[in-house]
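Observations on the model geometry
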Amino acid sequence: MLGGRAVLVSSASTVLFFTVIVVIVALAPGSGLVAERFFSPFHLWRSLVGSESEPSVLSAFLLNVYIFAISEVLILILALVIAVVRQIPGPVFFPFRMVAVAYTDLFRGVPLILILYIIGFGVPGLGLAFFSYLSDITYGIIALVLVYSAYVAEVYRAGIESVHESQNAAARSLGLSRWQSLRFVILPQAVRRVIPPLLNDFIGLQKDTALVSVLGSIEAARAAQIYGASQFNYASYVVAAALFILITIPLARFTDRLIARDKRRREAGALA
Amino acid sequence: MNAAETPALALEGVRKSFGETEVLKGIDLTVAPHEVVCLIGASGSGKSTLLRCVNLIEPLDAGRVVVEGEEITAQGVDENRIRRRIGIVYQAFNLFPHMTVLRNITLAPREVLGMDRAESEERALSLLERFGLSDRRGEYPDRLSGGQQQRVAIVRALAMRPHLMLLDEVTSALDPELVAEVLNVIRELADEGMTMLIATHEMGFARDIADRVCFLEEGRILEEGPPERIFTSPENPRTRRFLSRIIAAGRL
Ligand SMILES: Nc1ncnc2c1ncn2[C@@H]1O[C@H](COP(=O)(O)OP(=O)(O)OP(=O)(O)O)[C@@H](O)[C@H]1O
Ligand SMILES: [Mg+2]
């Protein structure tokens, strides 16, 4: 915790620091144009709430949040399945392990935007019953889930491998089955250890929801672009960027809290 | 040993290699019910490997393991079912760090034996009480001393009501002043008639507690017999050499 004097010093230093920055920016050549094109209060507000001719960046952003929320849950599940399959021992499971490895290699290797095109434009063209008639948003979610599950599976796998083999030996020695050992002993420890890298992937996912717009959905980035093109003003981009930042910050703080809670719980050793 | 009685444990021709090195070169060993057998031998002689082979945590290359008349190395036997009868305590405790003491102990009774929560906790608490740990039940393992952790590990194994306990150098990771509390627990178990197979470097303890001592060297049991004889007049020259080194090191 900061003492009284330290708080004073840090406040003074913060104020001074930002004042200097603002002065430099304001005096820079072209700063008037930048202020008008990017920070005009009129356009900031108008693009945020929308008008008769342009979509609201804020409402469009709700689509990003929706895509993110659904994808995240599906990714956490699919990636866990892939990671678990990848470490089942025994010759019988060789083909399963092979599929899991091939999956991660494939979907980590191909750019997301290509997967989006393949799923979003390719699958509807096949004329399959059901699968060719989904919404653009659904195709977008499928592409995000396929790609991100490959990354997240690797994160899980690193976590599983970081739990020492002796933990498994202790669990098995007590008579727990392989699956029970994984479920009660290995995975809880593995997941705890990988929360920070998982969060990183989710911040990436939150941003990549913008790519779904290539299939035609009007999400925040696309809405901002529409506004910019029609008003010749880029405040809409600033608004969209701010919205993305606003949502990643709580995500980061939430993870900090989880880690802190875990630490506190172990240190406090509260009575049962 | 009563010949008519089914042994608690019988090993026949157990062999185990890691890559090129053969660590167990044909082990034959029988432990009678209520017997306490100590395995002694130099570091690397294969004591830990032998114990891990008994409950098949380490798969065997050859040989048979028979627990209370039932061969667990036989094809198609459910290993998990037989492991329940064998409690094993490791040198490094291996408690589950993400669970409280109580949960560490109740996990297997609940998930493996299907006991309900109240019953499993009651059993755990009475064991903790007995070993002076009941005030630690809500702690996480990293908040306990090494001696406490090792006693919790013993309680965790006992909560499954094993018929046979395997102890692998359970005091060698402990500070000297914590060794006694753990050895006392083991002594108490022996007094109650628990069947135990104990790998140990504590020769004084082995002499005290063992009904029989087996000297292991390079993957073979070179000599076995009652502790009075092994420790005073060993027959095998290599046992003699091992013990004289131990005595020179002041550990007997
Ligand atoms: N998983 C393993 N992989 C390869 N070699 C191993 C493995 N486990 C044990 N060994 C080797 O087997 C031999 C016997 O090891 P083991 O741990 O059984 O000896 P020990 O008698 O218990 O020794 P200590 O008294 O030091 O505990 C050693 O040479 C060891 O290096
Ligand atoms: Mg050992």
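Residues numbered from 1 in each chain as written. Chains lettered and ligands numbered in written order. Predicted model: local features only at pLDDT ≥ 70, side-chain atom pairs only at ≥ 80, totals over all residues. Heavy atoms only, no water.

Structural notes on the overall build of chain B
Counting its secondary structure elements, chain B contains nine helices and 10 strands. Relative to its length of 252 residues, chain B is compact, with a C-alpha radius of gyration of 18 Å against a globular reference of 18 Å. Principal-axis analysis of the C-alpha atoms gives chain B an extent of 55 × 45 × 40 Å. Out of the 252 residues in chain B, the part that is buried amounts to 56%. (Helix = DSSP H or I, 4+ residues; strand = E, 2+ residues; numbered from the N terminus. Rg over C-alpha atoms; globule rule 2.2 N^0.38 Å. Buried < 20%, exposed > 50% of the residue type's maximum accessible area, 1.4 Å probe, protein only.)

Examining the overall build of chain A
Regarding its fold elements, chain A presents 11 helices and zero strands. Its helices and strands in sequence order give chain A the pattern α-α-α-α-α-α-α-α-α-α-α, from N to C terminus. For 272 residues, the compact-globule estimate of 2.2 N^0.38 gives 19 Å, and chain A exceeds it by more than 25% at 24 Å. If one aligns the C-alpha atoms of chain A with their principal axes, the spans along those axes are about 70 × 70 × 35 Å.

A short note on the site of ligand 1
Residue and element names in this part refer to chain B. Neighbouring ligand 1 are Phe18, Val23, Ala42, Ser43, Gly44, Ser45, Gly46, Lys47, Ser48, Thr49, Glu169 and His201. Coverage of ligand 1 by the protein chains reaches 57% of its 630 Å² of free accessible surface. Ranked by the residues each element gives to the shell around ligand 1, the list is headed by helix H1 (residues 47–54), at three residues. Its residues assigned to classes, the shell around ligand 1 shows three nonpolar, seven polar and two charged. (Near = heavy atom within 4 Å. Areas by Shrake-Rupley, 256 points an atom, 1.4 Å probe, with all protein chains shown as cover. Nonpolar A, V, L, I, M, F, W, Y, C, P; charged D, E, K, R; others polar.)

Notes on the pairing of strand S1 (residues 9–18) of chain B
Residues and elements named next belong to chain B. Sheet topology note: the S1/strand S2 (residues 21–31) ladder contains eight bridges and is antiparallel. Across the sheet, Val14 pairs through a bridge with Ile27, a residue of S2. Between S1 and S2, which pair antiparallel and follow one another directly, the connecting turn spans two residues, one of which, Gly19, has a positive phi of 60°. (Pairing = 2+ DSSP bridges.)

Re a nonpolar patch on the surface
Residue and element names in this part refer to chain A. Taken together, the side chains of Ile113, Leu114, Tyr117, Ile118 and Phe121 define a hydrophobic patch exposed on the protein surface, amounting to about 460 Å² of accessible area. Positionally, Tyr117 belongs in helix H6 (residues 112–125). Since its relative accessible area comes to 36%, Tyr117 is described here as partly exposed. (Patch = residues over 30% accessible without salt bridge, like charges linked within 9 Å, V, L, I, M, F, W, Y side chains within 5 Å. Salt bridge = Lys/Arg side-chain N within 4 Å of Asp/Glu carboxyl O.)

Here we look at helix H9 (residues 178–208) of chain A
Because each turn of an α-helix spans 3.6 residues, side chains separated by three or four positions in sequence point in the same direction. The end-to-end C-alpha distance of H9(A), which contains 31 residues, comes to just 37 Å, noticeably less than the 45 Å that a straight helix rising 1.5 Å per residue would cover. Of all the bends in H9(A), the greatest reaches close to 55° and is centred on A:Ile195; the proline A:Pro196 follows between one and four positions later. (Expected span 1.5 Å × (residues − 1). Bend = angle between axes of the 7 residues up to and from the residue.)

What to know about the interface of chain A and chain B
Contact with chain A, which involves 25 residues of that partner, is made by 32 residues of chain B. Summing both sides of the interface, chain A and chain B together bury roughly 2,300 Å²; the carbon and sulfur share of this comes to 58%. Viewed at the interface, chain B and chain A are joined by zero salt bridges. At the level of elements, helix H8 (165–173), H9 and helix H11 (235–268) of chain A are the ones that each hand at least two residues to the side of chain A that touches chain B. The dominant element in the side of chain A that touches chain B, judged by the number of residues it contributes, is H8(A), at seven residues. (Contact = heavy atoms within 4.5 Å. Buried area = accessible area lost by both parts, 1.4 Å probe.)

Let's talk about the environment of A:Phe39
All names here are of chain A. Mapped onto the secondary structure, Phe39 falls in helix H2 (residues 31–39). Overall, the relative accessible area of 47% leaves Phe39 in the partly exposed class. It is 8.1 Å that separates the C-alpha atoms of Phe39 and Tyr234, two residues lying 195 residues apart in sequence. Beyond its immediate chain neighbours, meaning those up to four positions away, Phe39 contacts Val34, Leu44 and Val238.

Examining the pattern of salt bridges
Here the structure, examined in full by the defined rule, presents 27 salt bridges over all chains. Close ionic contact of A:Glu161 with A:Arg157 constitutes a salt bridge, the shortest N to O distance being 3.5 Å. In this pair, A:Glu161 and A:Arg157 are both assigned in helix H7 (residues 136–162), four residues apart and thus about one turn of the helix distant. With relative accessibility at 21%, the residue A:Arg157 sits in the partly exposed group. Note that B:Glu12 and B:Arg64 form a salt bridge whose closest N and O atoms lie 2.9 Å from each other. Placement of B:Glu12 in strand S1 and of B:Arg64 in strand S4 (residues 62–67) is noted, with a sequence separation of 52 residues between them. Given the relative accessible area of 35%, B:Glu12 is considered partly exposed.

Notes on the sheet that holds strand S7 (residues 164–168) of chain B
All names here are of chain B. Here we have six strands laid out as an open sheet, ordered S6-S7-S8-S3-S9-S10, and mixed in their pairing. The outermost strands of the open sheet, each flanked by one partner alone, are strand S6 (86–89) and strand S10 (220–225). Strand-to-strand twist in this sheet, taken as the mean axis angle between neighbours without regard to direction, amounts to 15°. When S7 meets strand S8 (residues 195–199), the two strands line up parallel, connected through five bridges. Its bridge partner being in S8, Asp168 is matched across the sheet by Ala199. H1 contacts strand S3 (36–40), S6, S7, S8 and strand S9 (212–217) of the sheet and is inclined by roughly 150° relative to S7. (Axes fitted to C-alpha atoms, helices over the stretch in contact; angles between N-to-C directions.)

Examining the packing of helix H4 (residues 57–86) of chain A against H9(A)
Residue and element names in this part refer to chain A. It is the contact of H4 with H9, at a shortest axis distance of 11 Å, that shows an interaxial angle of 145°. The crossing of H4 and H9 is right-handed. On H9, the residues that touch Phe61, Asn64, Phe68, Ser71, Glu72, Ile75, Leu76, Leu80 and Val84 of H4 are Leu182, Leu187, Leu198, Phe202, Leu205 and Gln206. (Left-handed = near helix turned anticlockwise from the far one by under 90°.)

What about the state of the cysteines?
Under the definition given, this model contains zero disulfides over all chains. B:Cys38 provides the cysteine sulfur closest to B:Cys214, a residue in no disulfide bond, and the two sulfurs are 9.0 Å apart. (Disulfide = S-S within 2.5 Å.)

Describing the sheet that holds S2(B)
Residue and element names in this part refer to chain B. With respect to topology, four strands assemble into an open sheet ordered S2-S1-S4-S5, the strand pairing being antiparallel. Looking along the sheet, the strands with just one partner apiece sit at the ends: S2 and strand S5 (70–71). Across the sheet, H1 is in contact with S1, S2 and S4; its angle to S1 comes to roughly 120°.

So, the packing of H9(A) against helix H3 (residues 101–111) of chain B
Put simply, H9(A) and H3(B) touch, their axes get as near as 12 Å, and they point 155° apart. In this view, H9(A) runs roughly antiparallel relative to H3(B), as classed from their interaxial angle. Considering how the two elements wind past one another, H9(A) and H3(B) form a crossing that is right-handed. Each of A:Gln180, A:Phe184 and A:Val185 in H9(A) lies in contact with H3(B), whose residues at this interface are B:Arg103, B:Leu107 and B:Glu111. (Parallel < 35°, antiparallel > 145°, perpendicular 65-115°, else oblique.)

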